[in-house]
Amino acid sequence: MRQHTGGRNILRPAPTRFATNFIALQSILAQKDALRAMVTSRDWIGSTYAKDSKAKKFVEQILDSSFWKSCADIVKLTEPLVRALLIADSEDKPAMGFLYQAMYKAREEMVRSFKRNKRKVEPYLEVLDRRWDSQLRKDLHVAGYWLNPTCRFNVEEFEKHRNTQSGILELIGRYTHGDLELQDKLNEGMR
């Protein structure tokens, strides 16, 4: 295999625990031509490995164009999510102010990638939306987005998410515990 891949391995260690499978699939996809050349080479055909039943299934998969199409689709679908999750998993800077925007950008990129075939992406968007709504779409994320100067002063981007103001107002109401004077001060500060 290394003769055909230029000495590269298929699997690479992942920087995070959740991205290992994605990185492996991305690496396999990058070596598509090398893997196809390998399984059709004289060295492979003449090897003892080629006669094994698992190896025959492997060759069948490697030469199957629908397998490679599926790999490409999966990478296109998951790459934006992996970028968003890398932000959440980062230890370099707090993620709270960036997570809300990262998830929306990931969703938009998934839709854009499959603009011509919306049916293909819809089941994945449903899962993403369900997870986002039930586990991640919290007022705290909205407040982080709203208070993040990087997001706040990008007027064009911020206009898309005007609804975040209600989230931060809800958060103020919840954590001021009925202190109307404090609520007024915070609401004035928002303006």
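Described below are features of the structure shown in this document. Values in this document were obtained by computation on a predicted structure and should not be read as measured data.

So, on to helix 8 (residues 139-147). In terms of burial, helix 8 is a largely internal element, seven of the nine residues being buried. Three or more residues of helix 8 are buried, namely Asp-139, His-141, Val-142, Ala-143, Gly-144, Tyr-145 and Trp-146.

With that settled, the discussion passes to the nonpolar core. Inside soluble globular proteins, nonpolar side chains tend to come together where they are buried. Counting 17 residues, the largest nonpolar core has Leu-77, Ala-84, Tyr-100, Met-103, Met-110, Val-121 and Trp-132 as the members making the most contacts within it. Mapped by element, the contributors of at least two residues to this core are helix 5 (65-89), helix 6 (96-113), helix 7 (118-136) and helix 8. At seven residues, the largest contribution of residues to this core is made by helix 6. Setting aside residues up to four positions removed in sequence, Val-121 forms contacts with Leu-77, Met-110 and Phe-114. By size, the runner-up hydrophobic cluster in this structure holds nine residues, among which are Trp-44, Ala-55, Ile-62 and Trp-68.

Attention now moves to the packing of helix 2 (residues 32-39) against helix 4 (residues 53-62). Contact geometry for helix 2 and helix 4: axes closest at 10 Å, N-to-C directions at 135°. Taken together, the axes of helix 2 and helix 4 are oblique relative to one another. Judged by the twist between their axes, the crossing of helix 2 over helix 4 is left-handed. Contacts between helix 2 and helix 4 involve Leu-35, Arg-36, Met-38 and Val-39 from the former and Phe-58, Val-59 and Ile-62 from the latter. A breakdown of the residues in the contact of helix 2 with helix 4 according to their chemical character gives six nonpolar, no polar and one charged.

On to a positive patch on the surface. A cluster of basic residues, Arg-112, Lys-115, Arg-116 and Lys-118, forms a positive patch at the surface. Given a relative accessible area of 89%, Arg-116 falls into the exposed group.

Here we take up helix 5. In a regular helix each residue adds 1.5 Å, so 25 residues correspond to 36 Å; helix 5 covers 35 Å between its end C-alpha atoms and thus fits that length. The largest bend in helix 5 comes to about 35°, at Thr-78, with the proline Pro-80 one to four residues further on. Buried within helix 5 are the following residues: Trp-68, Cys-71, Asp-73, Val-75, Leu-77, Pro-80, Val-82 and Ala-84.

Reading the values: the criteria
- Residues numbered from 1 in each chain as written.
- Predicted model: local features only at pLDDT ≥ 70, side-chain atom pairs only at ≥ 80, totals over all residues.
- Heavy atoms only, no water.
- Buried < 20%, exposed > 50% of the residue type's maximum accessible area, 1.4 Å probe, protein only.
- Helix = DSSP H or I, 4+ residues; strand = E, 2+ residues; numbered from the N terminus.
- Core = buried A, V, L, I, M, F, W, Y, C linked by side-chain atoms within 4.5 Å.
- Contact = heavy atoms within 4.5 Å.
- Axes fitted to C-alpha atoms, helices over the stretch in contact; angles between N-to-C directions.
- Parallel < 35°, antiparallel > 145°, perpendicular 65-115°, else oblique.
- Left-handed = near helix turned anticlockwise from the far one by under 90°.
- Nonpolar A, V, L, I, M, F, W, Y, C, P; charged D, E, K, R; others polar.
- Patch = residues over 30% accessible without salt bridge, like charges linked within 9 Å, V, L, I, M, F, W, Y side chains within 5 Å.
- Areas by Shrake-Rupley, 256 points an atom, 1.4 Å probe, with all protein chains shown as cover.
- Salt bridge = Lys/Arg side-chain N within 4 Å of Asp/Glu carboxyl O.
- Lys, Arg positive; Asp, Glu negative; His and termini not counted.
- Charge placed at Lys NZ, Arg CZ, Asp CG, Glu CD.
- Expected span 1.5 Å × (residues − 1).
- Bend = angle between axes of the 7 residues up to and from the residue.

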